[in-house]
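Analysis of the macromolecular model
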Amino acid sequence: MVTAYELSLFFTTFVMLQFWNLFNAKCFGLKESAFASLGENKGFLAIAAIIFFGQILMVQFGGDFFRTVPLSLTDWVTIIGGTSIVLWIGEIMRSLARMKAKRV
């Protein structure tokens, strides 16, 4: 049987994968970094902050309503760090595309 803790881990991992992919989607089809002009896009930053902090609030304080249990700081750091690979792979791919474009 799956525990509430395991479901909370799965839910948070899934949402954080999508959170990082949000940055990749921001520059889909472009060769620029996901961080390019990031500070100029207040709407994007607001949505990203709502998703990030909303996830923390849902898991830590959602209880029976969201069927979650609070995760430890170690769990959060592991999930955030581990799922961020989605963003870093995208950054590497875009960086390679920029280098290739410069050589041509």
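Check the entry above for the structure.
Residues numbered from 1 in each chain as written. Predicted model: local features only at pLDDT ≥ 70, side-chain atom pairs only at ≥ 80, totals over all residues. Heavy atoms only, no water.

With respect to the overall build of the protein
Convention followed: Runs of E in the DSSP output that reach at least two residues are strands. Runs of H or I that reach at least four are helices, and both are numbered from the N terminus. With C-alpha atoms as the basis for the radius of gyration, the globule rule is written as 2.2 Å multiplied by the number of residues raised to the power 0.38. Relative accessibility under 20% of the residue-type maximum defines a buried residue, over 50% an exposed one, and the middle range a partly exposed one, all with a 1.4 Å probe and only protein chains included. Contact definition: two residues touch when any of their heavy atoms are within 4.5 Å. Here the Shrake-Rupley method, with its probe set to 1.4 Å, supplies the accessible areas, and only the displayed protein chains count as covering residues.
Looking only at helices and strands, the protein features 5 helices and 0 strands. Along the chain direction, N to C, the helices and strands of the protein fall in the order α-α-α-α-α. A compact globule built from 104 residues would reach a C-alpha radius of gyration of about 13 Å, whereas the protein, at 16 Å, exceeds it by more than 25%. If you line up the protein on its principal axes, its C-alpha atoms span 55 × 30 × 20 Å. Looking at the 104 residues of the protein, the share that counts as buried comes to 28%. Here the contacts in the protein between residues at least 6 apart in sequence split such that 69% fall between residues at least 24 apart. Accessible area for the protein stands at about 7,000 Å²; split by element, carbon and sulfur atoms hold 73% of it.

Brief notes about the packing of aromatic side chains
What counts, and what does not: When two rings of Phe, Tyr or Trp (its six-membered ring) have centres within 6.5 Å they constitute a pair, described as stacked for plane angles under 30 degrees, edge-to-face for angles over 60, and tilted for the intermediate range.
Scanning the model with the defined rule gives 8 aromatic pairs in all. Between F19 and F52, the aromatic rings sit 5.5 Å apart at their centres with planes inclined by 45°, giving tilted as the arrangement. Placement of the pair is F19 in helix 1 (residues 4-26) and F52 in helix 2 (residues 42-61), with a sequence separation of 33 residues.

Section: the nonpolar core
The criterion, for reference: Nine residue types can take part in a nonpolar core, namely buried Ala, Val, Leu, Ile, Met, Phe, Trp, Tyr and Cys, and a core is a set of them joined through side-chain atoms within 4.5 Å.
One finds M16, F19, W20, F23, A34, L71 and L87 to be the most contacted residues of the largest nonpolar core, which totals 15 residues. When residues of this core are traced back to their parent elements, those giving at least two are helix 1, helix 2 and helix 4 (73-83).

Focus on helix 5 (residues 85-103)
Definition in use: One fewer than the residue count of a helix, multiplied by 1.5 Å, yields its expected span. Directions are taken from the helix axis to each C-beta atom, and the arc is the one they span.
With 19 residues, helix 5 extends 27 Å between its outermost C-alpha atoms, agreeing within 8% with the 27 Å of an ideal straight helix rising 1.5 Å per residue. Within helix 5 the residues assigned to the buried category are L87, G90, E91 and R94. The arc that holds the buried residues of helix 5, viewed along the axis, is 100°, so those residues lie on one side. Turned more than 90 degrees away from the buried face of helix 5, the exposed residues are I92, M93, K100 and R103. Against the buried residues of helix 5 lie helix 1.

Comments concerning the pattern of salt bridges
The criterion, for reference: We define a salt bridge as a side-chain nitrogen of Lys or Arg found within 4 Å of a carboxyl oxygen belonging to Asp or Glu.
Enumeration according to the criterion identifies 1 salt bridge in this entry. Here E91 makes a salt bridge to R94, at a shortest N to O gap of 2.7 Å. A residue pair is termed a helical-turn pair when its members lie 3 or 4 positions apart in one helix, as E91 and R94 do in helix 5 at 3 residues. Overall, E91 belongs to the buried group, its relative accessible area being 11%.

As for helix 2
Helix length check: helix 2, at 20 residues, gives a terminal C-alpha distance of 27 Å against a target of 28 Å (1.5 Å per residue), a fit within 8%. The complete set of buried residues in helix 2 reads F44, A48, F52, Q55 and V59. Across the axial projection of helix 2, the buried residues extend over an arc of 60°, all falling on one side. Facing away from the buried surface of helix 2 by more than 90 degrees, the exposed residues are K42, I50, F53, L57 and F61.

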